[in-house]
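Observations on chain architecture
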Amino acid sequence: MIFFLLLGVPVALGHLYLWRRLVVDTTRPGTLGRRIGAVAVVAAFLVLMAALVVTRQLPPEAGKFFAWPGFVWLALLFYLVIGLGIAEIPRRVLLRRATATTAAPVAAGAGPDPVEPVEVVPDPSRRLFIARSVAIGTGIAAGGVVGYGMTQALGDPKLLSVPVTLDKLQPSLSGFRIAVVSDIHLGPLLGRSHTERIVRMINEQEADLVAIVGDLVDGTVDELGEAAAPLRDLVSRHGSFFVTGNHEYFSGHEPWLAELERLGVNPLRNEGLTVAGGIELVGVNDVTGKAYEDGPDYDRAFAGRDRNNPVVLLAHQPVQVSDASSHGADLQLSGHTHGGQMVPFNLVVPVQQPGVAGLSKVDDTWLYVSRGAGFWGPPVRVGAPPDISMIELRSAG
């Protein structure tokens, strides 16, 4: 019920708005075109709901047949509604200008009584021309944005180099490089080839350490184990590490943690270790784990760490930085936000999270938020290209 209230109702209202602007306003009553348009809108709504609901019940190979058309349409719906909403003002201005007012005719011999203006209703063809022009222009714009966004989402992640100065870092460790990747989101739209590409790109960087900070999968080990298998080929000097994201808990976190350990990717479950002889690496569970009796435990994770060394925390959600700072973390590496994934969601993320993407400082803790290497829902990224980030630790001395 909550799912349909949060997603179903807005989606239905969006389709109703499209029906009004793209079908009713652009066709004449009773025509075949209006009937076809109405059927198309209903069909699009059903396809989208199938992508949101049915794909969750099917294995990825079967689910992709619903996911591709449904989620691409979701992105188109989103930008069509935005585009038509923006176009409401110029559309109304054009319609108003098309409505003229003239003086009413005066009969011969009539007295000098004031003449009431008479509104002349615009020609229906004029209204159709304006409505169709707005619909076509908006459709072209929305299609262009979504097409561009798909090239970004499905292309290679950008490699970002991010220097971070840590006061406690030993000069001998200056230049230590951590490859950070998050939100890979293996599932019906992203599979083994996506993992292989990420592994290849990370290995080419010859990192000292690899950190996967959550949301690796959208499905069970049985469904996606083969897609995740290339992670066994990750190469770095000090190993690969993983912390849970919210989607791991939706996908069966215990089997996935066991599978990752089998692949040589070390889960950090509210625990830490010393790497390279002078960096305290700590990992905490995602906050979603609280509902599964597997939430973050900072006291346990930070216990026994040498506070003379810099502490690097892996935590899926940026919002965890407040706890990280209170426990003395020098740097937190996170994901979760996708950088907003599709503009203007980047303007909404700060309502919940202290960082959208990139490097910032919260109290005494550096916070780095990756935009992620995959996507959730629509295979579209607008204004938030995927990334793999190379964090280069630098000594202040």
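Scroll up a little and you will see the structure.
Our subject in this report is the structure included herewith. Residue positions are counted from 1 within each chain, in the order its sequence is given. Two thresholds apply to this predicted model, a pLDDT of at least 70 for residue-level local features and 80 or more for giving and counting side-chain atom pairs, whereas whole-chain, interface and lining totals are computed over all residues. Based on all heavy atoms of the structure, the side-chain values leave hydrogens and waters out of the count.

**Overview of the sheet that holds strand S10 (residues 311–314)**
Any two strands with at least two DSSP bridges between them are considered paired. Secondary structure follows DSSP: runs of H or I at least 4 residues long count as helices, runs of E at least 2 residues long count as strands, and numbering of each begins at the N terminus. With mixed pairing, the six strands of this open sheet are ordered in space as S8-S9-S10-S11-S13-S12. Each end of this open sheet is capped by a strand with a single partner; those strands are strand S8 (271–275) and strand S12 (358–362). Direction aside, neighbouring strands of the sheet carry axes that sit 20° apart on average. Across five bridges, S8 lies against strand S9 (residues 279–283) in antiparallel orientation. Note on S9: the bridge partner recorded for glycine 272 is valine 282. An axis is simply a line fitted to the C-alpha atoms; with a helix, the fit covers only the stretch in contact. Between two such axes, the angle follows the N-to-C directions and lies from 0 to 180 degrees.

**Some thoughts on the sheet that holds strand S5 (residues 209–212)**
As summarised here, the arrangement of the six strands in space is S3-S14-S4-S5-S6-S7, forming an open sheet in which the pairing is mixed. This sheet does not close on itself; its edge strands, each paired only once, are strand S3 (158–166) and strand S7 (265–267). The sheet shows a mean angle of 25° between the axes of neighbouring strands, taken without regard to direction. Where strand S4 (residues 176–181) and S5 come together, four bridges link them in parallel fashion. Its bridge partner being in S5, isoleucine 178 is matched across the sheet by leucine 209. It only takes one pair of heavy atoms within 4.5 Å for two residues to be counted as in contact. The strands touched by helix H8 (residues 253–262) are strand S6 (240–242) and S7; relative to S7, the strand with the most contacts, the crossing angle is about 140°.

**Structural notes on the side chain of histidine 338**
Relative to the assigned elements, histidine 338 resides in the loop between strand S11 (331–334) and S12. Of the residues examined, histidine 338 reaches a relative accessible area of 7% and is grouped as buried. Not counting residues within four places of it along the chain, the set of residues in contact with histidine 338 comprises Asp183, His185, Arg371, Phe375, Trp376, Arg381 and Ala384. Only protein chains enter the accessibility calculation, which uses a 1.4 Å probe; a residue whose area is less than 20% of its type maximum is buried, one above 50% is exposed, and one in between is partly exposed.

**Points about the packing of helix H2 (residues 32–53) against helix H3 (residues 60–97)**
Following both chains from N to C, one finds H2 and H3 inclined at 115°, their axes separated by 8 Å at the closest point. Of the two possible hands of crossing, H2 and H3 adopt the one that is left-handed. Of the residues in H3, those in contact with Ala44, Val47, Leu48, Ala50, Ala51 and Leu52 of H2 are Phe66, Ala67, Pro69, Gly70, Phe71, Trp73, Leu74 and Leu77. Gly counts as polar in this scheme, as do all residues outside two lists: the nonpolar Ala, Val, Leu, Ile, Met, Phe, Trp, Tyr, Cys and Pro, and the charged Asp, Glu, Lys and Arg. A breakdown of the residues in the contact of H2 with H3 according to their chemical character gives 13 nonpolar, one polar and no charged. Left-handed describes a crossing in which the near helix is turned anticlockwise from the far one by less than a right angle; the clockwise case is right-handed.

**Quick look at the pattern of salt bridges**
One speaks of a salt bridge when a side-chain nitrogen belonging to Lys or Arg is within 4 Å of a carboxyl oxygen belonging to Asp or Glu. Evaluation of the coordinates by the stated rule reveals 17 salt bridges. We note a salt bridge from glutamate 196 to arginine 192, for which the minimum N-O separation is 3.1 Å. With glutamate 196 and arginine 192 both in helix H5 (residues 192–204) and four residues apart, the pair spans about one turn of that helix. Accessibility expressed as a relative area gives 39% for glutamate 196, which makes it partly exposed. For arginine 192, a relative accessible area of 32% corresponds to the partly exposed category. Taking the shortest distance from any N to any O, the salt bridge between arginine 394 and glutamate 392 comes out at 3.5 Å. A single network of salt bridges, built from pairs that share partners, joins Arg20, Arg21, Asp25, Glu88, Arg91 and Arg92.

**Brief notes about H5**
Between its first and last C-alpha atoms H5 spans 18 Å; for 13 residues at 1.5 Å apiece the expected length is 18 Å, and the two agree. His194, Thr195, Arg197, Ile198, Val199, Met201 and Ile202 are the residues of H5 that are buried. Tucked inside the fold, the buried residues of H5 contact helix H4 (124–154), S3, S4, S5, helix H6 (221–228) and strand S14 (387–395). With its phi angle positive at about 50°, glutamate 206 sits one or two positions after the end of H5. Under the convention used throughout, the expected extent of a helix is 1.5 Å for every residue step, that is, one less than its residue count.

**Notes on the nonpolar core**
In this description, a nonpolar core means a group of buried Ala, Val, Leu, Ile, Met, Phe, Trp, Tyr and Cys residues linked to one another through side-chain atoms lying within 4.5 Å. Judged by nonpolar contacts, the single largest core of 28 residues is most densely connected at Val181, Leu186, Ile202, Ile212, Leu216, Leu231 and Leu234. Elements with a minimum of two residues in this core: S4, H5, S5, H6, H8 and S14. Residues contacting isoleucine 202, with those up to four places away along its chain left out, are Ala179, Val181, Val210, Leu234 and Ile388. Counting 25 residues, the second-largest nonpolar core is a separate cluster that includes Leu52, Ala67, Leu74 and Leu80.

**A short note on the packing of aromatic side chains**
Any two rings among Phe, Tyr and Trp, with Trp reduced to its six-membered ring, count as a pair given centres within 6.5 Å; such a pair is stacked if its planes are under 30 degrees apart, edge-to-face if over 60, and tilted if neither. Using the criterion set out here, one finds four aromatic pairs in the structure. Relative to tryptophan 376, the ring of phenylalanine 71 has its centre 6.4 Å away and its plane inclined at 55°; by these criteria the two rings are tilted. Of this pair, phenylalanine 71 sits in helix H3 while tryptophan 376 sits in the loop between strand S13 (365–369) and S14; the two residues are 305 residues apart in sequence, bridging distant segments of the chain. Judged by its relative accessible area of 8%, phenylalanine 71 falls in the buried class. Through successive ring pairs, a cluster of aromatic residues spans Phe78, Tyr79 and Phe345.

**Details of the pairing of S9**
Of all five residues in S9, five are buried; the element is thus mostly enclosed. Neither face of S9 is open: one carries Ile279, Leu281 and Gly283, the other Glu280 and Val282, and all of them are buried. Once S8 ends, the chain turns through three residues before running back antiparallel as S9, passing alanine 276 with a positive phi of about 55°. Relative to S10, S9 runs parallel, the two being bridged by four bridges. Note that in S10 the partner of glycine 283 across the bridge is leucine 314.

**Observations regarding the environment of alanine 384**
With respect to the helices and strands, alanine 384 occurs in the loop between S13 and S14. On the basis of relative accessibility, which here comes to 1%, the residue alanine 384 falls in the buried class. Each C-alpha atom, one on alanine 384 and one on valine 23, is 32 Å from the other, the two residues being 361 residues apart in sequence. Apart from residues no more than four positions distant in its own chain, alanine 384 is found in contact with His338, Gly339, Gln341 and Arg371.

Shape is all these values report; function is a separate question.
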